[in-house]
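For reference, the chains in residue letters:
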Amino acid sequence: MFLKELLFLKKIWTLIFISVLGLVLTGCSNSASNQVKNASQNNIEIKKDKVALIYAKNQQSYFESLAQMLVKENFEIENFPTENNDSISQDNSVKKISDKGYRFLIIDAINRSQMNSSLDHLRGQGTNIIGYDNTVYKIGAPDVNITFDYSDNGVKAANKFIEDQKIANLPDKKYKTLELFAGNVLSQSNYDYFKGVMQTLQPYIDNGKIKILSKQLPQNDGENISSIAVINNDKIQLNNRLEYLLNDVYKNKQPDGIILGPNIELNTEIKIYNTNIDKDKYSQINKYTISLVLALKNHTNIDNIPKISNGKRMIPTVYVY
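Below you will find a few notes about this structure. Computed from a prediction, not measured in an experiment: that's the story for all the values here.

## Comments concerning the overall build of the protein
And step 1. Helix and strand counts for the protein stand at eight helices and ten strands.
And step 2. Relative to its 321 residues, the protein shows a buried fraction of 41%.
And step 3. Nonlocal contacts in the protein, meaning residues at least 24 apart in sequence, comprise 71% of its contacts between residues at least 6 apart.
And step 4. Just so you have it, the protein exposes about 17,900 Å², and 50% of that area is on carbon and sulfur atoms.

The following block contains the structure:
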């Protein structure tokens, strides 16, 4: 009898020992798992994609807002502001960030074509390039441009002059006079704007209903705006040109109208036709830019963007209306 009780107690102690051992091992396992998990969280550094922002200082407020939006999306930001007309410094900034692992460059280009080689080199290093507002012109580097439809704005300004002056109803040998003023000769937006202007005005210039007495006007495709443009929207140069026209070309009568390029001002009693972009529209550009950055980051293989015959990539453009 005593032997049976002894065996029974041994079994009980064995079961208790096994249960306790199981609890200990489970606790150790959970503890080890937690330690691995914590170590993983502590030791693995989450690498943020870097974004370079290059812009002229007159766009700084828009880019500061864009930078804040990018930070919220977990990007690392570096700003490269330049003076408003210093395209050389802007080009140097592009060269400075080459080979430094930037996932994106968002650039408001001062000079429409100066940075071709440096941007192409940067793109070759794997950086996605987004042209912002004053877009990058006719090169393979950008993956996308995002801007306003400046060409359509030029059409609207020209049509407003035609309607106001009742050009289509003018009698034979009667005409209205018009002058054209462009802002920064280096920025692509001015070329796009006057492409729209000239395509609209050209038939009336050809039939003599509209005359530009100074003979200073772009080509029909918006190229060659240098005769009507200044550097960096310089107000002194704009006013000097206006004074010259009024004193030398229009001695007895003011022009019937002036078409101004986008986002510039001219103090005169002459009727002005132009398009100034509402500043609130830049918040819309920023929202679109964030969407494009995230799409390029997560989904798009930039090498799949089609190429045109000269080997350069076609550049998609997103317009903000």
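Following the structure, the description resumes.
## As for the environment of Tyr-193
And step 1. Relative to the helices and strands, Tyr-193 resides in helix α6 (residues 188-206).
And step 2. At 3.0 Å, the side chain of Tyr-193 and the backbone oxygen of Leu-260 are in polar contact.

## Considerations on helix α5 (residues 150-164)
And step 1. Under the 1.5 Å per step criterion, the end-to-end length of α5 is 21 Å for 15 residues, consistent within 8% with the ideal 21 Å.
And step 2. Those residues of α5 that sit buried are Tyr-150, Asn-153, Gly-154, Ala-157, Ala-158, Phe-161 and Ile-162.
And step 3. With its phi angle positive at about 50°, Lys-166 sits one or two positions after the end of α5.

## Considering the nonpolar core
And step 1. Core analysis: the biggest nonpolar cluster contains 48 residues, and Leu-53, Leu-70, Ile-106, Leu-180, Phe-194, Leu-201 and Ile-259 have the highest contact counts within it.
And step 2. Residues contacting Leu-53, with those up to four places away along its chain left out, are Phe-63, Leu-66, Ala-67, Leu-70, Ile-77, Glu-78, Asn-79, Phe-80 and Ile-106.
And step 3. Core analysis: the second largest hydrophobic core is formed by 14 residues, Ala-52, Val-94, Leu-105 and Ile-107 among them.

About the thresholds
- Residues numbered from 1 in each chain as written.
- Predicted model: local features only at pLDDT ≥ 70, side-chain atom pairs only at ≥ 80, totals over all residues.
- Heavy atoms only, no water.
- Helix = DSSP H or I, 4+ residues; strand = E, 2+ residues; numbered from the N terminus.
- Buried < 20%, exposed > 50% of the residue type's maximum accessible area, 1.4 Å probe, protein only.
- Contact = heavy atoms within 4.5 Å.
- Areas by Shrake-Rupley, 256 points an atom, 1.4 Å probe, with all protein chains shown as cover.
- Polar contact = N/O pair within 3.5 Å; in protein donor to acceptor, adjacent residues only side chain to side chain.
- Expected span 1.5 Å × (residues − 1).
- Core = buried A, V, L, I, M, F, W, Y, C linked by side-chain atoms within 4.5 Å.

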